[in-house]
Each structure stands twice: as C-alpha cells, then as structure tokens.
Amino acid sequence: MSSESLIAVILLAPLAAVLLCLLVQHPRPAEFFNLAAAVVVFLAVLALLPHSLSGPQRLADDYLIVDALSTWGLLCVASVYLLSSIYAIGYMRRLSEDARLHRFYALFAGFALTTLSGPLMNNVGVYWIAIELTTLVSTFLVCFELGAESIEAAWKYLVIVSAGISLALLGTVLYYWAGSFALGPSYSLTWAALREVAPRLDPAIATTAFLLVTIGFGTKVGLAPMHTWLPDAHSEGPAPVSAMLSGALLNTAMIGIARFLQVSDAAGSGALPRAAVVALGAFSLFVAALFIVRQTGIKRLMAYSSVEHMGVLALGFGFGGPLGIAGALYHMLNHSLNKSLMFFGAGNAMRAYGSKRIGAIRGLPTRMPVSGWLWLAGAVAITGAPPFGLFRSELTVLRAGLRSDHAWAVYLMLVLLIVIFVGFLAHFRAMYFERAPAAAEELQSEEDIERAQPLRDFPDAWCVVPMALALIPLLALGLWWPDFFARCFAAVAANLSVGGRS
Amino acid sequence: MIATQFPPLAASLFSLMAIGSLLLAFVMLGSRWLKDYLLAFAAQSWLIALLSAAVGYYGNFPELYFIAALTALFRGVVLPWLILRIIARLKVDRELHERLSPSSSLVIGAALVLFAFVVSSHLGRTLHLEGSVAVLALTVMLSMKLIGFLMLAVRGEALSQILGILVLENGIFLGSQILVPGMPLLLELVILFDLLVIVACFGVLVRYLVTHAGVTHARALRRLVG
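### Digging into the overall build of chain B
Moving on, step 1. From N to C terminus, chain B includes seven helices and zero strands.
Moving on, step 2. In chain B, the succession of helices and strands from N to C terminus is α-α-α-α-α-α-α.
Moving on, step 3. For 226 residues, the compact-globule estimate of 2.2 N^0.38 gives 17 Å, and chain B sits close to it at 18 Å.
Moving on, step 4. Each of the three principal axes of chain B carries a C-alpha extent, and together these read 55 × 35 × 30 Å.
Moving on, step 5. Expressed as a percentage of the 226 residues in chain B, the buried residues total 48%.
Moving on, step 6. In chain B, 75% of the contacts between residues at least 6 apart in sequence involve partners at least 24 apart.

Here is the structure:
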C-alpha cells in the first residue's frame, strides 16, 4: 500500500473505534472495537516503516509529514496502544464500571488518535493543537474512576499543562514573527519552512522563541521542574491509561523538541539551546532520583521513573549528533515497551493487594507468580541493567555525551543512574522478599485511601500476556540492534542535521 | 504588511487598544469578585476583537474581520456566559482563597510589566524597531502572559484559575494580531475552537470537583504530594 493509504488507515481506525463505541454503547463490543483498531494501527505502522526511509513525504496539502522521525514516534505509540488495549480488557472489567465502559473505550481510542496524529503534523501550529488535544482527551481518562484523588490529579494535569503549553504557543508566534521579516507577512509555518528560514532569523528572537517552546513542550514531556503534574496524573489514572500517558504521549511532545533543536542549530543560536535541553534533562534525572529513593506509592514510583527516562531522552537529543539521536530514539522505543510492562505490573499488584502503597505489597512471588516475575524482570530492565534494551540505549546516550561539549552531564547522569538503580530495586527487594509487616491493618486504616478490596483471582491472562509481549522484544533489543533500526536512526539523524534533506 | 509599516493613526489606535487590554488585566488582578473578574475578561475579549477588525482594516487582511467576529462571539459572549453559569451553580461569588491580597498582587503585576518591557525593548533594539507599535504589542503580550501566571499562582478558586488560563491565551491573541496578522486563518480558527473545548472540559471538571471532592478551590487539592 502507498503511504497515503497507510496514514489514512492509521488515523481512521481509531476514529472508527470511537464512533462505534459511542454508537453501540455496550462494554464487550467496545473492547473489541478498540482492540481491533489497535491491531490495525500497529500493522499499518509496521508497513509504513520501510516507506519512511526513502525520505520525507508530505501529504494532505503539506499538513502531514511522513519521515523517519515521525514514523518512529508512531511505532512507539502504536506498540503501547496495542499492549495497553489488550491489558485494558482484563483490567477494566474488574472496576465494575460496565455501564460507563463504552465511554472509556471511546476516550481511549480518541486519545490514541490524537497521540498518533501529533508526530505526523507538519505545520508547527497544528502540531501545537494536536498536543493540546491530547491533554483534553486524556484528562477525562485520568479522572475516569471519579475518586477525589483522580479528580485532583486531572485538575492539576489540565491547569499545569494548558498553562505550560501556552508558552509553546507564544514561542511559535515569535518564530512566525521572526520569519515574517524574511518571508513576508503570510506564509505557511511548516518544519521545513522554519528550518530553511532559520539562518535569516534574528538570533535574539530565535533563542527566546526556542526557550519558550522548550519550556512549553517540556511541560508536556514532564521535564523537571515542570514535571509536577506527571506523578499525579500517571498514578491516578487506570493502569492502561498510565501506560499510554507514559509510553506514548510523552514521546510525541519530545519529538517536537527534537525538531525545534534542529531549527535552533540552523539558526546558529550558539550553544545555549542545546545546553538548556541538556540541563533540563540532567535536572529531571536529579529530581527523579530524589523522589524514587523515598517513594511510598507504587504507581508514583513508576511515574518518577518516567521523569527519569524523559530526562535521558532530553540528554540524548541535547547531546545531538548521529549517536545521540540514535541513542535517544532507541531509548524511546525501549522505554515505551518497558514502562507499559511496569505500569501493567503495578496495576496488577494494586488490584491484587487492594492498595497503592509499596508497604502493603509484600510476598509477591507467591501471590502473583507469573506476572510477578515478569514485573521483576521489567524492573531490572528499566533501571538500565543488561541484557535488556535500555542498557544499550543508555550506554549509547552516554557515549554520545562524551563526544559532545557537555561531558559534565555524562558523569552526573552516570551517578544518578546508579542511585536510581539502587533506590528502585530496593523497593522491589522489599516487595518480593520481605514478609508482610505485623501492623499492616493499622497502616491500612491510617493512610490507605484505596477503596477497592483485594481481588482473589487476579491477574488473569488478559493482564499477564501483554507483560510478556513487552518483555520479549525488550530482551531481543538488548541482545541485538537490528540493522533496520540502524538505517532508521541514520535517516533521522540525516533529517535532523543542519540543512537536512527535505 | 509588517507592524512597522502601519500608518501613524492606525499605530496609535492599536496602542490604545493594547494598553486598554493591559489595564483590564490589572482590573482582573485587583478584583475580588468573580463577576467583576469575568466582566473585565469579556471586555478585554471585545477589545481584542475590535483590534483584530482594526488590524484587518488598516493592514488589508479581510480574513481578520472573520476572526474578529468569532473572537467577539466565542470569547466575548459564549465563554463568559458558560462561566457565568458555573458561577451561578457553584454559589461562589468572590475569591476567598487568594494567597496574596489584590493590592500586593497589583504591585507585583506592575513589576512584571516592567520586566516584560525590558525584555521586549531589548528584542526591539536588535530588530531596530524602537518605539514602534510592535514593541508595545510584544510588551503587552509578555505582560499579560506573566499576569496570567501570577493569577494562577496566587488565586485558589477553581474559576479564577480558568480565567487565569484564558488571560494567558488572550495575551497571545492580542500580540499575534499586531505582530503576525498574516498567520494562516485556519490556525487561528482552530485555536479559537480549541479554547472553547478547554472551557467545556474545565466546566465538566469543576462539576466533578464539587460533586466528588466537595470543594471549589484548588488549594484544598493537596492529597497528592511527593
């Protein structure tokens, strides 16, 4: 199939799922529609990957761009969407919300639709709108359970992210203004147009605009210190939503930052833009390390781990060069798979023990044998231990950093990764090998706000299979860097270099 | 046509409207009553709509008339009406949870305007635009942005936070009419529409807040920390 029809399939399948879910209004068919859309999207993205290597293609009157970077973003989103759609079937049935379940799936497919359309947008302004729409749809997924905490999380998410992202709009307007001195008052602000006009932009405005855009989209990515919404939203949504937020959504905003970095390189803005991105990345790692070590909530632990990994991505793109970009992209896919696995495991443990507190989860190997061990393997993987994919991608980012001007960040990253490794796995050691504390009931009444009762026959196959499906490629990617990926990364690096082919 | 090429009469008209919007932002910052707040917001939106029409007339951008009509309709009528309905339903008519008294926030707001002026006159100098309406537009845009953030920071009532975000967006709207009047029509339309969706979302969320969390001020939302 041509890339036009593949893109049409990728965008229309979730849309059809949204409409069908709203039309049929019954939970079981809604599950099926959503899963079918996820499978179709995943297959279409796989088919699109080879097309993207031949260079950027512009579709739909220059509004959509299909290049190696956007297709790579789609691959991450589609993998997470597929995994979490499978997981959602098992997980959401246990919430006893069957009457509203069709609305959940309609929102879920709509969320996937907006997240998939983000990386494809060729117009900078429309890209901003796509990112804003993801927030609006996912807010209602975060507060789907309607508890006081989840509404608090949704409120903070909407306020902080809309306020932050309005800075990105300001930056976009400034870019347009700066460009209008060279191109006249009315032109179409595509990524390519911005890159071509970049050398003629006024450096002061270009730098200001870049910083505004980075802070704006950085809020959405969850870079510290703009990350404050992230742990709340990720920990209060249902587990499949957390996986989508963390594995799929954050990446789409990061792709924008990567493209703007290229613009500021082309504008000759000096070292400041890259230094800013590297500093944000390093600070994210630092904040994540602090909160991971002393964390008490299981899903908040995973959320801070997302802050950490977004920091690694920012470092990779900030270091730049073919190696940095390759490392960041590889890390993006690995993190998407791994974080889905971690949130699935956290959701299983939360339901099985009826608590969100790490302290209440003890003796996992006996309570959840299969998914427990899969989860432990995922925990080892996400802290960057070999032989999993994240080890290789983090190593690549470190190597790229040593070649760049920001070697200090490499040493800092190394120390912080070790701290996170120890802190993260210490929680898992306690959950797996420590006995349940005698005073468990007392703690329960004191601070446990979870109203759900522990579920006996949980997790079932729907909730375990996607964990295995995430772990297998993660292991494979750690042992073997496919040649196809290398070509993909080379294509992205060529596109993102100064004066990249267009 | 770029901002520097407007005739002097037009430039001074734009300046007047931009400064009027900035003053209205200060009215919002200084008021305790949510209704005053809302009225100031509606007036500001009407001023921005007038500004769009004026830029369209003097700069010869006919599509800006359309934008002006939509701005007046959405931001000047529909949004205030939606928020008024929420106010009526919530039975909160004044801001009770401010962290900073209105008079102190006025002083801080003035300092923020000074900061915005320094930044934009620096940018204006590098572009050789000193004293033009573009620098003023940039100043007002940045000031309204900063004032919006100040409102978000010091006000606790959920409705004040919605209005704070709308002021942020109003600032960008105002600046972009003068700085980049030729920005593609589609983009501005979608952004307008997007705002409507935001407010709808906020409305639903506020209702949830009341029915499930039992509060309307965001300061009470402090269960999730660490």
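Don't stop here, the text continues.
### Some details on the overall build of chain A
Moving on, step 1. Counting its secondary structure elements, chain A contains 20 helices and two strands.
Moving on, step 2. Taken against the 2.2 N^0.38 rule, which gives 23 Å for 502 residues, the C-alpha radius of gyration of chain A at 22 Å falls within 12% of a compact globule.
Moving on, step 3. If you line up chain A on its principal axes, its C-alpha atoms span 70 × 55 × 40 Å.
Moving on, step 4. The proportion of buried residues among the 502 residues of chain A is 64%.
Moving on, step 5. Long-range pairs, those at least 24 residues apart, make up 81% of the contacts in chain A between residues at least 6 apart in sequence.

### Focus on the environment of Arg125(B)
Moving on, step 1. As for its placement among the helices and strands, Arg125(B) is situated in helix 4 (residues 102-126).
Moving on, step 2. Once the C-alpha coordinates of Arg125(B) and Pro80(B) are considered, the two residues, 45 residues apart in sequence, prove to be 38 Å apart.

### Describing helix 20 (residues 483-496) of chain A
All names here are of chain A.
Moving on, step 1. With 14 residues, helix 20 should reach 20 Å at 1.5 Å per residue; the first-to-last C-alpha distance of 20 Å fits that figure.
Moving on, step 2. For helix 20, the complete set of buried residues consists of Cys488, Phe489, Ala491, Val492, Ala493, Asn495 and Leu496.
Moving on, step 3. On the buried face of helix 20, the contacting elements are helix 3 (68-93), helix 10 (239-266) and helix 13 (321-353).

### As for the interface of chain B and chain A
Moving on, step 1. Every contact between the two is made by 39 residues of chain B and, on the other side, 36 residues of chain A.
Moving on, step 2. In the side of chain B that touches chain A, the residues fall into 28 nonpolar, seven polar and four charged.

### Considerations on helix 3 (residues 63-90) of chain B
All names here are of chain B.
Moving on, step 1. The end-to-end C-alpha separation of helix 3 is 39 Å, in line with the 40 Å expected for 28 residues at 1.5 Å each.
Moving on, step 2. The largest bend in helix 3 is about 25 degrees, located at Val78, with the proline Pro80 one to four residues further on.
Moving on, step 3. Those residues of helix 3 lying buried are Leu64, Ile67, Ala68, Thr71, Arg75, Gly76, Leu79, Pro80, Ile83 and Ile86.
Moving on, step 4. Downstream of helix 3 by one or two residues, Lys91 has phi in the positive range, about 60 degrees.

### As for the environment of Ser138(A)
All names here are of chain A.
Moving on, step 1. Looking at the secondary structure, you find Ser138 in helix 5 (residues 124-142).
Moving on, step 2. Given 26 C-beta atoms within 10 Å, Ser138 falls into the buried group.
Moving on, step 3. Sequence spacing of Ser138 and Leu425 is 287 residues, and the spatial spacing of their C-alpha atoms is 30 Å.

### Comments concerning unusual backbone geometry
Residues and elements named next belong to chain A.
Moving on, step 1. Residue Pro225 is bonded to the preceding Ala224 through a cis peptide linkage, with omega at 5 degrees.
Moving on, step 2. Take Pro225: it is sitting in the loop between helix 8 (203-221) and helix 9 (229-236).
Moving on, step 3. The step from Pro386 to Pro387 runs through a cis peptide bond, and the omega angle for that step is 5 degrees.
Moving on, step 4. For Pro387, the position within the fold is in the loop between helix 15 (369-382) and helix 16 (389-403).
Moving on, step 5. You will see that Gln25, though not glycine, has its phi angle at about 55 degrees, which is positive.

### Observations regarding the confidence of the model for chain B
Residues and elements named next belong to chain B.
Moving on, step 1. On average, residues of chain B score 83 in pLDDT, and 92% of them reach the 70 mark or higher.
Moving on, step 2. Mean pLDDT values for the elements of chain B range from 71 in helix 7 (residues 185-213) up to 92 in helix 4.
Moving on, step 3. Taken over the whole predicted complex, pTM reads 0.92, whereas the ipTM for its chain interfaces reads 0.91.

### Regarding the confidence of the model for chain A
Moving on, step 1. Taken residue by residue, chain A gives an average pLDDT of 89. The fraction at 70 or more is 96%.
Moving on, step 2. Note on residues 445-450 of chain A: pLDDT is under 50 here. Beyond four places in sequence and across chains, it has eight contacts.

### Some thoughts on the packing of helix 1 (residues 3-24) of chain A against helix 4 (residues 101-120) of chain A
How two helices sit against one another is set out by the angle between their axes and by the gap between those axes.
Residues and elements named next belong to chain A.
Moving on, step 1. Packing of helix 1 against helix 4 leaves a shortest axis separation of 8 Å and a crossing angle of 160 degrees. In terms of their interaxial angle, helix 1 and helix 4 are classed as roughly antiparallel. The two elements helix 1 and helix 4 cross, and the hand of that crossing is left-handed. Within the contact between the two elements, helix 1 uses Ile7, Ile10, Leu11, Pro14, Leu15, Ala17, Val18, Cys21, Leu22 and Val24 and helix 4 uses His102, Tyr105, Ala106, Ala109, Gly110, Ala112, Leu113, Leu116, Ser117 and Leu120.

So, how was this worked out
Residues numbered from 1 in each chain as written. Chains lettered and ligands numbered in written order. Predicted model: local features only at pLDDT ≥ 70, side-chain atom pairs only at ≥ 80, totals over all residues. Helix = DSSP H or I, 4+ residues; strand = E, 2+ residues; numbered from the N terminus. Rg over C-alpha atoms; globule rule 2.2 N^0.38 Å. Buried ≥ 20, exposed ≤ 12 C-beta atoms within 10 Å, placed from the backbone. Contact = placed C-beta atoms within 7 Å. Expected span 1.5 Å × (residues − 1). Nonpolar A, V, L, I, M, F, W, Y, C, P; charged D, E, K, R; others polar. Bend = angle between axes of the 7 residues up to and from the residue. pLDDT = per-residue confidence, 0-100. Axes fitted to C-alpha atoms, helices over the stretch in contact; angles between N-to-C directions. Parallel < 35°, antiparallel > 145°, perpendicular 65-115°, else oblique. Left-handed = near helix turned anticlockwise from the far one by under 90°.

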